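Structural description and commentary
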2 protein chains.
Amino acid sequence: MRLIIIGLGNVGANFVKLLKDRQADLTREHHLDMAVVGVADNGGYAFCDKGLNPETIISVKQKYGTVASYPNYGAPKASITKAIEDVKADIVVDMTPTNIVNGEPGISNIKSALLSGKHVVTTNKGPLALAYKELVNLATEKHLLFKFSGTVGGATPVIDFAQKCLIGNPVTKIEGILNGTTNFILTKMFEERIQMIEALKEAQKLGYAEEDPSYDIDAIDPACKLVILANAILGKKARLQDVEREGITKVTLDDILEASKQGLSVKLICTASNELLQVKPKPIKKDDPLCVDGVLNAVSFYTKLGGTFTLIGRGAGGMEAASSALRDIINIGLTTREGH
Amino acid sequence: MRLIIIGLGNVGANFVKLLKDRQADLTREHHLDMAVVGVADNGGYAFCDKGLNPETIISVKQKYGTVASYPNYGAPKASITKAIEDVKADIVVDMTPTNIVNGEPGISNIKSALLSGKHVVTTNKGPLALAYKELVNLATEKHLLFKFSGTVGGATPVIDFAQKCLIGNPVTKIEGILNGTTNFILTKMFEERIQMIEALKEAQKLGYAEEDPSYDIDAIDPACKLVILANAILGKKARLQDVEREGITKVTLDDILEASKQGLSVKLICTASNELLQVKPKPIKKDDPLCVDGVLNAVSFYTKLGGTFTLIGRGAGGMEAASSALRDIINIGLTTREGH
């Protein structure tokens, strides 16, 4: 499996590290050989047909700030689109940051990859929140695989669960806590009897809140994830703008304490059903399996035959998203091998 | 897909009903045609090469107590083993009751099926708790599929989750609440401040406790399930007798109230790891995702890369186990089709 990795931020850097650490296991357990033949970041790219050294990628990035400085194989200021198209590879792994204004550069990377005959794995929510249908259709048309496990739930295999484990048992509704930062903030407000703004500061101090807190506290991040789940699992054709969205900025300590008296917790709940596509703070029962605290994520799948299943795990983190991307790559490796 | 169903108790009867209700969907969604060509119970069997009518199976069973009275196709006192061997079918669905003394008639049914070239789906824990390795090896040797989703977690796809969704991310430890009856009893003891024996009576009144309560309260049932999980997911070669097992009969209301003061709940916890294979009442944190109440089941998978994932769902019920068996059958249908 020849990989091109685009983006070497928190997720991308962890992914390269993971590949290095797990390479021998992957060969032994799944008979899959992985080679990073190209890697790109803001400063340019590096390419080597025989494979780049993951350790060198990491050290060059740390030392020079860009893989364009990779000895002998680096190309500063080169066009990444051209690299995606020209380099011989099986999978393009897009790990560029989420952009919810126009989905770039993710959308262009994914399109270039598919148009040049490469499977795609992405951890970037932007392209899927804005152009899900277009991208999935393009992949189908080109008979290529397009996987995005790392966009929802961190390492928790939320999409895989619905697609692989609920076969024959249709999902009728999805309810989830899909943003660890706001869940941490709401949990802290209750535990320490503080207002939202103070809890937010704590989250920022611990590195849980992103640079621009509005992405979390205005519920943009969970709304993107909800669009992806609704499309992938319920077959909707939704975009980010279709989500009825309310963040946590109006939730007061009083609201939380009042709910608690009735055995309820205020949580930022994402709901997708036939009728609804909504992110909104809501009181839920404390003994509901969905009611998880701290940075945990939880998703409940309401099904036609087997009742409700809830899946819980850590929802964020660079290594978590990277491990989901690795799972996608293994799945592509196994699927394409079966096909031959 | 031609099916032979053995056993028409709670699970088997629900399974036939489910097949009838979902037949059209299965054809439409998965292009799978299902026909019940044989069905057996304690009184004999019925067989028809062109397929039996699910509605007639249910009504004959209700009216006469055995499918041997099925008009024209019934055969009372006939050998079920011979039927399994002789009838032309793709899958034998074993839904006989769990027997932990010698695993019969499940073990013989499964062996006959595999030896005569048929895939097997079972919801019977006995054969797997006593002869897992032998049966799995026989299936592998014969290049046949052997699935048993319905033996653990009711409708909750616990085994599928670990096998299909955690690829590339090895499970290092499993911890679970795998018996709804004892979980209901422990929950009631706390909620109503009553002793075990009173809570057990309530469980029996509601139909949650099995005929012989020892199967649940002495932790035989969860120990069987733990053996299956440990073997299927951790690659152990365990049998029921290898489980260190302690039931809930010694748990007092005092134990539960004392734990609660420290934010803990006493739960019957199943643990499988490199070092441990144990079912034992233990206090766990109330905010641990594993800490579910009532008849819910929960399983936490500790993984090498992505932390811990917890899966929660209703763990028991005839329709729940039946729906897991149906999922297994669909999976066999899809897998064997791909192979051709």
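Residues numbered from 1 in each chain as written. Chains lettered and ligands numbered in written order. Predicted model: local features only at pLDDT ≥ 70, side-chain atom pairs only at ≥ 80, totals over all residues. Heavy atoms only, no water.

**Regarding the overall build of chain A**
Regarding its fold elements, chain A presents 12 helices and 13 strands. Relative to its length of 340 residues, chain A is compact, with a C-alpha radius of gyration of 20 Å against a globular reference of 20 Å. Along the first, second and third principal axes, the C-alpha atoms of chain A reach 65 × 45 × 40 Å. Per-residue burial for chain A yields a buried fraction of 59% across its 340 residues. Partitioning the intrachain contacts of chain A with sequence separation of at least 6 by distance along the chain shows that 69% fall at a separation of at least 24. Across chain A, the centroid of the 39 positively charged side chains sits 3 Å from that of the 39 negatively charged ones. (Helix = DSSP H or I, 4+ residues; strand = E, 2+ residues; numbered from the N terminus. Rg over C-alpha atoms; globule rule 2.2 N^0.38 Å. Buried < 20%, exposed > 50% of the residue type's maximum accessible area, 1.4 Å probe, protein only. Contact = heavy atoms within 4.5 Å. Lys, Arg positive; Asp, Glu negative; His and termini not counted. Charge placed at Lys NZ, Arg CZ, Asp CG, Glu CD.)

**Focus on the interface of chain A and chain B**
Taken together, the 35 residues of chain A in the interface contact 34 residues of chain B. Of the roughly 2,800 Å² buried between chain A and chain B, counting both surfaces, carbon and sulfur atoms make up 68%. On the chain A side of the contact with chain B, Cys165, Ile167 and Leu305 of chain A bury the most area, a combined 21% of that side's loss. Summed over the shared surface of chain A and chain B, the number is 0 salt bridges. Counting the contacts that link chain A with chain B gives 6 residue pairs in polar contact (both at pLDDT 80 or more). (Buried area = accessible area lost by both parts, 1.4 Å probe. Salt bridge = Lys/Arg side-chain N within 4 Å of Asp/Glu carboxyl O. Polar contact = N/O pair within 3.5 Å; in protein donor to acceptor, adjacent residues only side chain to side chain.)

**Details of the environment of Asn109 of chain A**
All names here are of chain A. Following the sequence through the fold, Asn109 ends up in helix α4 (residues 106-115). Between the C-alpha atom of Asn109 and that of Thr122, which follows or precedes it by 13 residues, the distance is 9.9 Å. When neighbours within four sequence positions are excluded, Asn109 is seen to be in contact with Ile6, Ile80, Ile84, Asp94 and Thr96.

**Some thoughts on the sheet that holds strand β2 (residues 35-41) of chain B**
Residues and elements named next belong to chain B. Taking strand neighbours across the sheet as the criterion, the 7 strands line up as β4-β3-β2-β1-β5-β6-β7 in an open arrangement whose pairing is mixed. In the strand order of this sheet, the two ends are held by β4 (74-76) and β7 (146-147), each with one partner. Examined bridge by bridge, β2 and strand β3 (residues 44-47) share 4 bridges and lie antiparallel to one another. For Asp41, the partnering residue across the bridge sits in β3 and is Gly44. (Pairing = 2+ DSSP bridges.)

Function-wise, these values are silent; they only describe arrangement.
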